[in-house]
Amino acid sequence: KPKTKRAKRFLEKREPKLKENTKNAMLIKGGNANLTVTEVLKDIYAVKKPFAVLYKKKNITRPFEDQTSLEFFSKKSDCSLFLFGSHNKKRPNNLIIGRMFDYHVLDMIELGIEKFVSLKDVKNSKCPEGTKPMLIFAGDMFDVNEEYRRLKSLLIDFFRGPSVPSVRLAGLEYVLHFTAVDGKIYMRSYKVLLKKSGCKIPRIELEEMGPSLDLVMRRTHLASDDLYKLSLKQPKALKPKKKKNISHDVFGTTYGRIHMQKQDLSKLQTRKMKGLKKRPAEKSAEDGGASPKKSKSA
């Protein structure tokens, strides 16, 4: 139990919520990380800010063999995403990207850096801190191969940023492009320039901003189907309630079905016209054969 009000507020922030907070990422440097890996971690931290924590000290750990230290850091910093950088002779310029579920490692994919261009090397204007990026994935491998499909899901989770209710055109200024071809993953980042086009819709140009990475997939540690399904489970309160008698077509048009009681058309009031008036003979037939004219009294 918390002893102070500050500790109580801290524990309330950590409690499960219907709508969870934006996922934070921790960037950890391995025991023998070289300059390239350090620069990659710094650049991705600059892209991910303010939803990231960068650990500057070296941490001697091997995530594929022992995950306890990652789980400890995850609890300490309340981060559900991580990026671990290391370098050795067997696996040079190594990055391990992964995510947590209930403070335990869910997915983990090891990537090797083959080519790297940092933010400092590209002398163009940069996007402001905290800009939500647009994510583009190109390549059939992201849809065909299970490992690449899980990597795509992991990258979306890592870079998506906060959920927003609406978007303005000027806010779409940052693009992250991932291409999977010939067994490699190419990561490129661009700034969107809105230029005059002579009409209402502006002309769009992409200007390379950095960082850019050429990656190759190495080892993978994927969650079982049951655990992965459990991690995707939504609370019942968030599930949309099904509305009766409402349907949508492929174009998004909403159709409503109305249920009415059977109508008695004999009592339907029609427009009074001479042609629709009943003749005396018809009236007498309805009344049971009585004479339409009254007999005159003597």
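About the thresholds
- Residues numbered from 1 in each chain as written.
- Predicted model: local features only at pLDDT ≥ 70, side-chain atom pairs only at ≥ 80, totals over all residues.
- Heavy atoms only, no water.
- UniProt positions renumbered as here; feature names shortened; annotations may be inferred.
- Helix = DSSP H or I, 4+ residues; strand = E, 2+ residues; numbered from the N terminus.
- Buried < 20%, exposed > 50% of the residue type's maximum accessible area, 1.4 Å probe, protein only.
- Polar contact = N/O pair within 3.5 Å; in protein donor to acceptor, adjacent residues only side chain to side chain.
- Contact = heavy atoms within 4.5 Å.
- Core = buried A, V, L, I, M, F, W, Y, C linked by side-chain atoms within 4.5 Å.
- Patch = residues over 30% accessible without salt bridge, like charges linked within 9 Å, V, L, I, M, F, W, Y side chains within 5 Å.
- Areas by Shrake-Rupley, 256 points an atom, 1.4 Å probe, with all protein chains shown as cover.
- Salt bridge = Lys/Arg side-chain N within 4 Å of Asp/Glu carboxyl O.
- Lys, Arg positive; Asp, Glu negative; His and termini not counted.
- Charge placed at Lys NZ, Arg CZ, Asp CG, Glu CD.

Looking at an unreviewed UniProt entry, one finds the protein chain named Ribosome production factor 2 homolog and attributed to Phaethon lepturus. Per its UniProt entry, the protein chain bears the Sequence similarities (unreviewed entry) comment "Belongs to the RPF2 family." The Subcellular location (unreviewed entry) field of the UniProt record for the protein chain holds the comment "Nucleus, Nucleolus".

Draft legend 1. A look at the side chain of Asn94. Within the element layout of this structure, Asn94 appears in strand E4 (residues 94–101). Given the relative accessible area of 2%, Asn94 is considered buried. One polar contact links Asn94 to Arg218, side chain to side chain, over a distance of 2.8 Å. Excluding anything up to four places from it in sequence, Asn94 contacts Val37, Phe84, Gly85, Ser86, Glu110, Leu111 and Arg218.

Draft legend 2. Broad picture of the nonpolar core. Counting residues in each nonpolar core, the largest one holds 34 residues, and the members touching the most others are Ile44, Leu83, Ile97, Leu111, Leu151, Phe158 and Phe159. Top element by residues in this core is helix H5 (residues 146–159). It accounts for 6 residues. When sequence neighbours within four positions are dropped, the list of residues in contact with Phe158 reads Ala25, Ile44, Lys48, Leu81, Phe82, Leu83 and Ile97. Of all hydrophobic cores here, the second largest spans 12 residues; its members include Ile28, Tyr55, Phe73 and Cys79.

Draft legend 3. Unusual backbone geometry, seen in detail. Backbone torsion omega between Lys49 and Pro50 reads 5 degrees, so that peptide bond is classified as cis. Here Pro50 shows up in the loop between helix H2 (35–48) and strand E2 (52–59). Of the consecutive residues Gly210 and Pro211, the connecting peptide bond is found in the cis state with omega at -5 degrees. The phi dihedral of Asp102 is positive, around 60 degrees, even though this residue is not glycine. Note on placement: Asp102 falls in the loop between E4 and strand E5 (104–117). Of note, Asp182 is a non-glycine position whose phi angle comes to about 55 degrees, a positive value. Within the secondary structure, Asp182 sits in the loop between strand E7 (174–181) and strand E8 (184–195). Taking the relative accessible area as the measure of exposure, Asp182 reaches 76% and is therefore exposed.

Draft legend 4. View of a positive patch on the surface. A grouping of Lys5, Arg6, Lys8, Arg9 and Lys13 is seen on the molecular surface, where their side chains present a positively charged patch. Turning to its location among the elements, Lys8 is positioned in helix H1 (residues 5–14).

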